[in-house]
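Chain by chain, the residues run as shown.
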Amino acid sequence: MLFHEVLIIGGGLAGLRAAIEVAEMGRDVAVVSKIHPMRSHSGEAQGGINASLANVEKGKEDSKEKHWYDTVKGSDFLADQDASEILTAQAPEVIFEMEHWGCPFSRTPEGKIAQRPFGGAGLPRTCYAADKTGLYLLQTVWEQNIKHNVKVYEEWVVLGLATEDGKCCGVVSMDFLSGELIAIGANAVIFATGGIGRIYANTTNAITNTGLAISIPYWVGVPLKDMEFIQFHPTSLARTHILMTEGCRGEGGYLRNKDGERFMSRYVSEKVMELGPRDIVARSIQTEINEGRGFPDGTVHLDLTHLGAKKILERLPGIRDICMNFIGIDPIYEPIPITPGMHYIMGGIETDKDGQTPMEGFLAAGECACISTHGANRLGGNSLLETVVFGERAGKKAGEYVKDKDKKTKTKALEDALKREQDTIEKFRKGGGEENPYKIKDELAKLMVKRFGLFRQEKDMKTGLEEIRKLKERFKKIRPVFGGKVFNLDLLSFYEIKANLDAAEAEAVSAIARKETRGSHYRTDFNKRDDENWLKHTLATYTPEGPKLSYKPVTITKFQPEVRKY
Ligand SMILES: Cc1cc2nc3c(=O)[nH]c(=O)nc-3n(C[C@H](O)[C@H](O)[C@H](O)COP(=O)(O)OP(=O)(O)OC[C@H]3O[C@@H](n4cnc5c(N)ncnc54)[C@H](O)[C@@H]3O)c2cc1C
């Protein structure tokens, strides 16, 4: 049996940043990742990372406090203000650290780190490296992991947690190449498993981002927080849903309906226009489409043609490549057809400011975690920031926690967990009937778009929940899993589909219960924010009969909730 003092699951930005911290504390640390770390979804991030450097325009003074306030306002006052204060206060430091580690940020003519405007921020605050910011940041932390000799179990997939006396003591994972199940003991486990976008059909997320990222701890009693808050990005490319970064609008791109009109003036002030926060811009686009002002293929246009070739080639080269390769248009000359697409989960594994979950020895960081810095709506550029700020904090917390612990594997608990996963796989091998699991996956992804999309109402969501539960029943009758050992993607998919169903159910039950409109959770039947009854976080705890809900207060330290206007 393998053992490490700290075991990190996930080789994206959050996981790799946490690993550096633990290694620097001199503790034994390893990373488990189901894909090569450099292929993690973090590497797909385009637009940038926020910090109040104020490097661009003279006279536009930025400050940590302004960034903090924008984040809290953007969250529709559901963010825990102590958490978002940490996020925004540490931002400049984190950017300089990344720069000193070699991240090649784009530059101003004076040689300072360049910043572009993003939605929901009054100032250009988003540091970027062309439109491939995530890739460069990930490469930067990956190099540091190599420098610190961090052990990586690459193409190993974690299937379950091992616990003893309510504490986490390791994981069960599968070496994808051999198909062998292997238990790894640890005194602390950090989940940095990313988002779950693939529970929706119209997502911008990579195919690796499935419900498994959050369902593994959920199944053993760790609650999921604020699952009803799902971010829909305003601009995903027609048909494919590949992201068209907010940087397109940050660089001055327009949104136009079929009449050529810049329709955002109908929804926000003339000063803000395309740079409203994501929830509002996405709903505005969908409203145009729903009211017949979109194009016949159900899109509106993201128009960059007035920016000129030079700017597009320098600042948005990746966007141009994607448009040419996937739909055959060149945005230098033609507008880009877009629709909103599912992009990010504000909710996730319940943690405190240090990434500690309610389960001792188990921490989480990055998109899978709900530290609650983003509340009901995340600002663009704040998620990359969250992965590094809170990745570091979770690493530090775990490193301190394991300091005086025996370096000993809890053999019995690990064997029990191993046996549990062997039994699950055995059940999958036998099968329960003839249902095609991939049909269940597709039906779920479609119904999530239809029932739990940008506009929600009770009747629809209740139907959606019934549909999810029917799919769960059908999942019990799936065909036997493919029996091969080497790279058995079929087996991984069985786990992921099971996890998708449970994550979707947690979202559905949380969303039906919240009878108000806040941030991304827009209800046509309760279309006002209701601070008196709903200024609180939802917690969903797993039970075999379905999620059990409870609530937790929001931490308000400085900014009293006010009407959110842009
Ligand atoms: C297209 C796109 C563009 C974006 N652009 C921006 C942007 O410009 N600015 C911004 O702030 N945010 C952006 N975001 C959001 C941001 O990139 C993500 O929220 C963030 O990078 C997530 O990082 P992470 O480390 O939490 O997870 P990820 O980078 O997704 O990494 C997850 C890791 O977990 C591993 N893993 C998962 N499950 C298992 C398992 N069971 N066993 C083993 N390993 C597992 C995977 O192998 C992977 O290494 C964007 C997101 C997308 C999808």
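Sequence order as written defines residue numbering, which begins from 1 separately in each chain. Selection of residues for local features in this predicted model requires a pLDDT of at least 70, selection of side-chain atom pairs for listing and counting requires 80 or more, and totals for whole chains, interfaces and linings are taken over all residues. Each side-chain value is derived from all of the structure's non-hydrogen atoms; neither hydrogens nor water enter the calculation.

### Structural notes on a positive patch on the surface
At step 1: Residues with no salt bridge and a relative accessible area higher than 30% make up the patches, which join like charges within 9 Å and nonpolar side chains (Val, Leu, Ile, Met, Phe, Trp, Tyr) within 5 Å. Each accessible area value is a Shrake-Rupley result obtained with a 1.4 Å probe; residue values ignore everything except the protein chains displayed when judging cover. By definition, a salt bridge exists where a carboxyl oxygen of Asp or Glu is found within 4 Å of a side-chain nitrogen of Lys or Arg. The charged-residue count follows a simple rule in which Lys and Arg add positive charge and Asp and Glu add negative charge, with His and chain termini not counted at all. For this purpose, a charge sits on NZ of Lys, CZ of Arg, CG of Asp or CD of Glu. Positive charge collects at one region of the surface, where Lys167, Lys405, Lys408 and Lys410 lie side by side.
At step 2: The residue lysine 405 is located in the loop between helix H11 (382–401) and helix H12 (411–430) in this model. We count a stretch as a helix when DSSP gives it H or I for four or more residues in a row; a strand needs E for two or more, and each element gets its number in order from the N terminus.

### Re helix H13 (residues 437–451)
At step 1: In this model H13 runs 21 Å from its N-terminal to its C-terminal C-alpha over 15 residues, within 8% of the 21 Å that 1.5 Å per residue would give.
At step 2: The inward-facing, buried residues of H13 contact helix H14 (458–475) and helix H15 (489–513).
At step 3: Distance and chemistry together define a polar contact, namely a pair of N or O atoms within 3.5 Å, with one atom able to donate a hydrogen and the other to accept it when in protein, and with adjacent residues in sequence counting only for side-chain atoms on both sides. Its side-chain oxygen 2.8 Å from the backbone nitrogen of tyrosine 438, asparagine 436 forms the N-cap of H13. Given the number of residues in a helix, its expected span is that number minus one, multiplied by 1.5 Å. The criterion used for residue contact is that any of the two residues' heavy atoms lie within 4.5 Å.

### Let's talk about the site of the ligand
At step 1: Residues are counted as near a molecule or strand when any one of their heavy atoms sits within 4 Å of it. Neighbouring the ligand are 38 residues; Ser40, His41, Ser42, Glu367 and Ser383 lie closest to it.
At step 2: One of the backbone nitrogen or oxygen atoms of valine 158 is found 2.8 Å away from a nitrogen atom of the ligand.
At step 3: Burial of the ligand by the protein amounts to 98% of the accessible area it has alone, namely 1,000 Å².
At step 4: Breaking the shell around the ligand down by element, the ones donating at least two residues are helix H1 (13–24), strand E2 (29–33), strand E7 (156–164), strand E14 (336–345) and H11.
At step 5: Throughout, the ten residues Ala, Val, Leu, Ile, Met, Phe, Trp, Tyr, Cys and Pro are labelled nonpolar, Asp, Glu, Lys and Arg are labelled charged, and all others, Gly among them, are labelled polar. Here the shell around the ligand is built from residues that sort into 13 nonpolar, 21 polar and four charged.

### Things to note about the pattern of salt bridges
Opposite charge on two side chains makes pairing possible when the charged atoms of those side chains draw close.
At step 1: By the definition in use, this model includes 55 salt bridges.
At step 2: A salt bridge links arginine 293 to glutamate 291; the nearest nitrogen and oxygen atoms lie 2.8 Å apart.
At step 3: Salt-bridge contacts for aspartate 525 lead to arginine 523; the nearest nitrogen and oxygen are separated by 2.9 Å.
At step 4: Exposed residues in this analysis have more than 50% of their type's maximum accessible area, buried residues have under 20%, and partly exposed residues fall in between, with area computed by a 1.4 Å probe over protein chains only. On the basis of relative accessibility, which here comes to 0%, the residue arginine 523 falls in the buried class.
At step 5: One network of salt bridges, with partners in common, ties together Asp76, Glu228, Asp279, Arg283, Arg514, Glu516, Arg518, Arg529, Asp531 and Arg564.

### What to know about the domain arrangement of the chain
At step 1: Domain extents, as shown, originate in an automatic or database domain assignment. Per the domain assignment, the segments making up the chain are domain 1 (1–229 + 346–566) and domain 2 (233–341).
At step 2: One C-alpha centre belongs to domain 1, the other to domain 2; they are set 27 Å apart.
At step 3: Counting residues at the interface gives 25 residues for domain 1, matched by 32 residues for domain 2.
At step 4: Between domain 1 and domain 2, roughly 2,300 Å² of surface is buried when both sides are summed, and carbon and sulfur atoms account for 57% of that area.
At step 5: Area buried by domain 1 at its contact with domain 2 is led by Gln46, Leu454 and Tyr566, which between them contribute 25% of it.
At step 6: The interface formed by domain 1 and domain 2 holds two salt bridges in total.
At step 7: A salt bridge links arginine 116 to glutamate 251; the shortest N-O distance between them is 2.8 Å. Note: buried area is the sum, over both parts, of the accessible area (probe 1.4 Å) each one loses when the two are combined.

### Digging into the nonpolar core
At step 1: With 129 residues, the main nonpolar core has Val189 and Phe191 as its most contacted residues.
At step 2: In these notes, a set of buried Ala, Val, Leu, Ile, Met, Phe, Trp, Tyr and Cys residues joined through side-chain atoms within 4.5 Å is what counts as a nonpolar core. Within the second largest apolar cluster, 26 residues are counted, among which are Ile285, Leu304, Ile332 and Ile336.

### With respect to the packing of aromatic side chains
At step 1: Two aromatic rings, drawn from Phe, Tyr or Trp (for Trp, its six-membered ring), form a pair once their centres lie within 6.5 Å of each other, and the interplanar angle then sorts them: stacked below 30 degrees, edge-to-face above 60, tilted otherwise. In the structure shown here, the tally under the stated rule is 13 aromatic pairs.
At step 2: Both rings, one in phenylalanine 263 and one in tyrosine 267, keep their centres 6.4 Å apart while their planes meet at 85°; by these two values the pair is edge-to-face.
At step 3: Summarising the aromatic geometry, the rings of phenylalanine 455 and tyrosine 522 are spaced 5.5 Å apart at their centres and angled 85° between planes, so their arrangement reads as edge-to-face. Taken together, the positions of phenylalanine 455 in the loop between H13 and H14 and tyrosine 522 in the loop between H15 and helix H16 (531–534) put the pair 67 residues apart, joining distant regions of the chain.
At step 4: In textbook terms, an aromatic cluster arises when at least three aromatic residues are bridged by ring pairs, as seen for Phe428, Phe475, Phe494 and Tyr495.
At step 5: The ring of tyrosine 401 carries the charged tip of lysine 405 above its face, separated from the ring centre by 4.1 Å.
At step 6: Any Lys NZ or Arg CZ found within 6 Å of a ring centre and within 35 degrees of that ring's normal is scored as a charge over the ring. A cation over a ring is seen here: lysine 536 above tryptophan 534, with NZ or CZ 4.9 Å from the ring centre.

### Notes on the sheet that holds strand E4 (residues 115–117)
For sheets, the rule is that strands pair by backbone hydrogen bonds, running either parallel or antiparallel.
At step 1: Strand order in this open sheet of three strands is E3-E5-E4, and the pairing throughout is antiparallel. Among the strands making up the open sheet, the edge pair consists of strand E3 (49–50) and E4.
At step 2: Any two strands with at least two DSSP-identified bridges between them are counted as paired. Relative to strand E5 (residues 124–127), E3 is paired through two bridges, and the arrangement is antiparallel. Opposite isoleucine 49, over in E5, you have cysteine 127 as the bridge partner.

### Some remarks on the sheet that holds strand E18 (residues 536–541)
At step 1: If you trace the five strands from one edge of the open sheet to the other, you get E17-E15-E10-E18-E19, paired in mixed fashion. Across the chains shown, the open sheet's two edge strands, defined by having one partner strand only, are strand E17 (369–370) and strand E19 (548–553).
At step 2: Bridging between strand E15 (residues 348–350) and E17 involves two bridges; their strand directions are parallel. When the bridges of E17 are listed, glutamate 350 appears paired with cysteine 370.

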